[in-house]
Every structure is written in structure tokens, then in C-alpha cells.
Number of protein chains: 2
Amino acid sequence: MPNIKKIAEMAGVSISTVSRVLNNHPYVNEQKRKEILSIIEKLNYSQNSNAVHLVRGKTNVIGVVLPFVNHQYYSAIIEGISRMAAKHHYNIMLCQTGYSPEKEIEVLDMLKMKKLDGVIICSTINGWQELEKYVKFGPIVTCEDTVSSYMSSVYIDHYKTFALGMEYLIEHGHRRIGYCVGRKNSINSLNRKQAYLDALSSIQVMPKEEWGFVDCFTVEDGTRVVQSLLQMKERPTALLVSCNHIAAGIVKAAPKSGLSIPGDLTIIGCDDQQIAEILEITTIAHSSVDVGAGAFTLLHDHITKKNKETKKIELFPKLTKRLTT
Amino acid sequence: MPNIKKIAEMAGVSISTVSRVLNNHPYVNEQKRKEILSIIEKLNYSQNSNAVHLVRGKTNVIGVVLPFVNHQYYSAIIEGISRMAAKHHYNIMLCQTGYSPEKEIEVLDMLKMKKLDGVIICSTINGWQELEKYVKFGPIVTCEDTVSSYMSSVYIDHYKTFALGMEYLIEHGHRRIGYCVGRKNSINSLNRKQAYLDALSSIQVMPKEEWGFVDCFTVEDGTRVVQSLLQMKERPTALLVSCNHIAAGIVKAAPKSGLSIPGDLTIIGCDDQQIAEILEITTIAHSSVDVGAGAFTLLHDHITKKNKETKKIELFPKLTKRLTT
DNA sequence: CTGTTAGCGCCTTCAA
DNA sequence: TTGAAGGCGCTAACAG
């Protein structure tokens, strides 16, 4: 592999001059520039990124941290990030954590080690207090609501999401309402639960422990919920579900067990996965692609120092009524 | 930011010694090792990856090239790659090309520029002859069938896939058969078409041009297919569809237009997207996660020189009968 | 067991 | 408009 020195030798100039044409600097004799370019061409030379990164102190690579790549909520976010990143000539290091705290830290360490110019955290397991320790190594943007004043974020207030859903259900006469969320104690789950509890309390209804389902992530989890429902003496008439894939599982499994939807069971899902459209599931959604695009923009502004202060961008989901309500 | 020199100074040793403890080399006084470690801890130091990459000549990063991230066929492949990569301490650079030839070349250039240790191409737009030019810069593995003897691949022979589907349809009495594929002239599409034509010719049926749909990628394309079908004087009784998302669009749209499935129209999809399971679509599938995992393994073996010769791994999909046939 | 030294490939003053 | 020289931060012989 040729290097800059070799090119310089062949062109009979110094490596500085070669460097100048490589980086489109002015003050290079047009004749020499042409000559150098042709040699570069002939030798099929290109810069060694690692050397460039080392000397420049940046890589034009950002890290994207998420629990599961093969999950449409996240792949939509990646889509948004990808589009914007391509526009600004940034590359994406994709890091699937499976919600392992260590894996998340590993990525943050890559920031510290200058392998990454910045990081977007789609969903954290360590929590923002931990993330905060790394902002001194480079900008971090989250796609979740964080209280931290050191990190920008694009987020949805899931208290509002669930509040919106509960309002709809209550307005439509439901009193026996249940819900499904993912990780039991994540910020988002806790917010959702609070909205649920507050709404019930506003109509003087006591929440029923067994109607709150946790650890729901996939279609299979949805069918599991239906199984549980069938065992109950008293069943909810409606379910507010934090993700459409779970909702899809419920919607497919319920009729097979004799529960008609929305007759016996009303379902409201969340997010903008296409499955909701296909199965005609009522959903409360925002654009996940926009989340990703927004996160990249915030991050990019920080990297390029366009803005120093952190920024919080809230996205407001809205309810689309379809056939499960 | 502290560097190795600073650590050496503070510990009163040379940078070599620090480097040794950093890389777990033997022959370091246990006392000094402890001391150095504690200073590293105190200063919250860590190596500069770019310097390490430069001097080692590798980055432990591989590139993954695909047209669309937000498409379940590809996100499943990424899942497979991610899992294996994590196991071997490799990172993934994700590159969405949108089938732009230039974007694909950009990634290959990153291989040339030592930013990447290897590349996995999930679907190429430039074609294998072009890719081949880059193997001298590092190993390239594809998830498509390539004739190249310079690149390993994990692939499905889509001639066989469609042949399998046609056989099923013909056995079940269909004679008026159509098909849907993605890019009109991609290798895979051409292979599929050939299988289709060969099957028809084997039963002495003349193919009908308008029953071959191209540029089908999404659910919406599926509904578009149904629109076209409705305009036809003579309609096919069955459709072999290269991707379940298109099939999903057809399955949802058809009944709304009075075409019952499988009564008026039999549908066979392809690949293992969950949507097929949910909508009970008969499909011809292999595990896409396995494709990714296999591709990484091949690539890793090349990077670590475990095997020099290229290897071709063929995966055989099988037909799962459900409710659309 | 430890330090010196020579790179890895490139960018960027500085002086000419 | 050009070149020399000094890093960027680290690894790896080599010599002690």
C-alpha cells in the first residue's frame, strides 16, 4: 500500500504539498497539483483514515446505542439517523446492547477513546446519571426524556401518551382498564404507569394489580397476555399497550380464544409500526423516523459547536382511531 | 485528556511499561503494574483508539452494506451479524445505500482507507465484478449468490425458491400464475424470473407479460399490485411474491376489492418476516438471522486468516403452508 | 523486567 | 508557493 510519502517521492515534491492537494488547500501550483493527482490515481492511493483521525482528533463516526436492532421501533429511528448522517458525511456505528449495562458502557468508552465523535442513545439501561459522566468526552443525545441538563434529547413524554389513551378509553365508557409495558422500572414505563394510575384515580376506580402486564416486547408477549387474560375471573374491557407489536399479538390471539375485538376487548397500541396499519389497530403514535433525524441533528449541532446549550425537543404523538376501539 | 506519556511520567516509568500493562503483556513488576493501574484509574485514562488502530493496522470494525435498514429482511440480517460481532469484539459500521452505487463504493473505500477490517454486502447494486476490485484491500462477504471466486458468501438460490413455489402452485392446479419481484434486473430477480418461466414452460403455458410485477418492495407496492390486477381482463389465480411485505399488502387489499384469498387469488410469499406469521401467509423462507450470523463468521475467518480460500454457503428455504394457499 | 528508539501515516505551523 | 520539522498517541523490536 502506497502512502503519502511514496506519492511525494514519485511526484518529486514534499509530503506537505501532497497533503495540500489531498485536502484541497490553496497555494499549490496547478501543474504540480495535476501531476500529483494523476500519480494518486495511478497508484490507486487513498489516505489512511486512522492516521487522519489521529491527527485531527475526530473520526466522523457516531455511535447509535439501542437494545434491539431487529425491532421496528428502533430500525425506524436508525433510518432517520442514517438519512441525516449521510447528508452530513457521518458514519454510524451500530451498537446493540440487548439492555446489557456493560455493553452500553463499552460504547461510551468508545467515545472516550476517540473512536466516536458523539453518541445517540435510543434507550438506556444505565440511566442518565451514568451517561452524564461521559459527556466530557463528547456529546451525547438521547431519544428518551432525561432530566440531565448536559444532554440534549428528542423525546416523547409517555405520561402524556398514556394519559391520552386513558382519556379516550374512559370517554368511551371503559372502567375496567389494563395496560402492557416493557421493562418494569424504566423511566418510560414508570411514567406510563403513573398516567394510568392518575387517570383511574380521577374516576375513582381502584387499579387492579393483575391488569398491569410488564416485560412485553414482542408479538409473542401479546399472545401471552391473552393467555393470562383467559385465566382471570374478572377481565378488563380495554388494554392500553405500549407497543403495536404486543398489540398485534393480542389482536391475533384474542379471537382464537373467543375474545372478540373490540367487542370484548378494546385495544390501543402505541408507536408507528406498520403492523398497526395492516391490522387496523388504533394507535397513539409519532414518527419514529423523525426521532432519529432530530437526534442526529441535535448531535451534529453539538459536534460542530453550532450550539453549546443542550436542547430538549418534545414530540407529540396523536391517536389514530382504527378498528380495535 | 491524559495520554500514555502522562501516565508514564506520573508513575515514574517509561511509556513502554505503561503500554505493557495496557496490553496485558507479561514481564512487568507486579508492584509497578498496580501503581500504573491505579494512576490510570485516577486519571480516568483510556487509550486513543485511533493511535492504536494506526499502529496496529486494524480497527476491529466491519462495514455492513444494505439498501434499507428499516426493512425487516435486512434488520434480521443485522441482528445476526450483531450477535456474532459482539461475541468476537467487533463493531459494526452500518451503511444504508438506498441502492445508490456511489454510496456503496464509499463503503468499499473505507475498507481501502483502513477504516474497516472487512465488509459484508447484504445486497449489491454495483455487482460483484465491481466489488471484486476491492478484495485486495480486505475481505468482502456477500449475502447474495456471486460467481466471484474472491468473495465468500452466504446465499439463497432464488431460482430454487421460486421453483419450489411454482411446483407447489402447479401441483395445486394453478395455470394462470403471476409473480412479484423487486429490482427488475438484479441477479436474484432474474433468477426468480427464470424459474418462473421454466416452470411455466414445463407445463406448456405461455407466460403473460402483465402478470410479472417488478419494483415491489413495500406493503404499498402490494396494494398497487391489487389495483393492477383489478384492471385486467384476465387475472392470474395465483401470485408468487418475493417478499412477505408485498404479500401482506396484497392480502390486506384484495378482500376489500372483492378478491377473496385464497379463493380468487392464491398467494405465496417469501422470507421470514413475522408479518407472514401474523397474517397467516404461506411463505417460502430461510432464517435471515442465520444469513447474517453466517456472513459474519465467514468474514471473521477471513480477517483472522483462519481460512484463505473463499467459501460459499447455501441456505435452503422451505415452504410453510398457511392460509393464503 | 525495563527503557530507548523507531516508526504507523498524516497534518500543520513556521520559515523560506 | 514550497519544504522541513514537530507532533498526534501508541506499539514493538532491541538492547540492556
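Parameters and conventions
Residues numbered from 1 in each chain as written. Chains lettered and ligands numbered in written order. Predicted model: local features only at pLDDT ≥ 70, side-chain atom pairs only at ≥ 80, totals over all residues. Heavy atoms only, no water. UniProt positions renumbered as here; feature names shortened; annotations may be inferred. Helix = DSSP H or I, 4+ residues; strand = E, 2+ residues; numbered from the N terminus. Least-squares fit on C-alpha atoms with pLDDT ≥ 70 in both. Contact = heavy atoms within 4.5 Å. Near = heavy atom within 4 Å. Nonpolar A, V, L, I, M, F, W, Y, C, P; charged D, E, K, R; others polar. Buried < 20%, exposed > 50% of the residue type's maximum accessible area, 1.4 Å probe, protein only. Pairing = 2+ DSSP bridges. Polar contact = N/O pair within 3.5 Å; in protein donor to acceptor, adjacent residues only side chain to side chain. Buried area = accessible area lost by both parts, 1.4 Å probe. Salt bridge = Lys/Arg side-chain N within 4 Å of Asp/Glu carboxyl O.

*Asks:* Provide a residue-level description of the UniProt feature "domain: HTH lacI-type" (unreviewed entry) in chain A, including the pertinent values.
*Replies:* The UniProt record marks residues 2-56 of chain A with the feature "domain: HTH lacI-type" (unreviewed entry), using the residue numbering of this structure. Span residues 2-56 of chain A is 69% helix and 0% strand, its end C-alpha atoms 21 Å apart.

*Asks:* Just give me the short version of the relation of the copies chain A and chain B, but keep the residues and values in it.
*Replies:* Relating one copy of the chain to the other requires a rotation about an axis plus a shift along that axis. The transform that puts chain A on chain B rotates by 180 degrees and translates by 0.1 Å along the axis, for an RMSD of 0.1 Å. Both chain copies can therefore be described as sitting about a two-fold axis. When C-alpha distances to the rotation axis are compared across chain A, the minimum falls at M93 of chain A, with a value of 2.2 Å. With an isologous cut-off of 70% or more, the 100% of interface residues of chain A that recur at the interface of chain B puts this contact in the isologous class.

*Asks:* Now, about the protein's contact with DNA strand C: what can you tell me, with residues and values included?
*Replies:* In the neighbourhood of DNA strand C, 25 residues make up the surrounding shell, with I4 and Y45 of chain A together with S16, R20 and N29 of chain B lying closest. The share of sugar and phosphate among atoms of DNA strand C within 4 Å of the protein is 66%. Counting residues per element, the ones that place at least two in the surface near DNA strand C are helix 2 (15-22) and helix 4 (49-56) of chain A together with helix 2 (15-22) and helix 4 (49-56) of chain B. Considering every element that reaches the surface near DNA strand C, the biggest residue donor is helix 4 of chain A, with four residues. For the surface near DNA strand C, the residue count by class is eleven nonpolar, eleven polar and three charged.

*Asks:* Please set out the pairing of strand 6 (residues 177-180) of chain A residue by residue, giving values where relevant.
*Replies:* Along a regular strand, successive side chains alternate from one face of the sheet to the other. All names here are of chain A. Here strand 6 shows no split at all, with I177 and Y179 on one side and G178 and C180 on the other all buried. Bridge count between strand 6 and strand 8 (residues 238-241): four bridges; the pairing is parallel. If you follow G178 over to strand 8, its bridge partner there is L239. Pairing geometry for strand 6 and strand 7 (residues 212-213), over two bridges, is parallel. Directly across from C180, in strand 7, lies its bridge partner F213.

*Asks:* Quick one: what's the story with the side chain of S186 of chain B, residue by residue and with numbers?
*Replies:* Looking at where S186 of chain B falls in the secondary structure, it is placed in the loop between strand 6 (177-180) and helix 9 (187-202). A polar atom in the side chain of S186 of chain B sits 3.1 Å from the side chain of S189 of chain B.

*Asks:* Kindly report on the interface of chain A and chain B, identifying the contributing residues and their values.
*Replies:* Counting from both sides, the interface comprises 47 residues of chain A and, opposite them, 48 residues of chain B. Counting the surface lost from both chain A and chain B, the interface buries some 4,300 Å², and carbon and sulfur atoms represent 53% of this. Between the two partners, chain A and chain B, sit two salt bridges. With a shortest N-O distance of 3.5 Å, E280 of chain A and K256 of chain B are connected by a salt bridge. Remark: the boundary between chain A and chain B carries 20 residue pairs in polar contact (both at pLDDT 80 or more). Considering every element that reaches the side of chain A that touches chain B, the biggest residue donor is helix 5 (residues 72-87) of chain A, with eight residues. Looking at the side of chain A that touches chain B, its residues break down into 20 nonpolar, 15 polar and twelve charged. Alignment of strand 2 (residues 91-96) of chain A against strand 2 (residues 91-96) of chain B, held across three bridges, turns out to be antiparallel.

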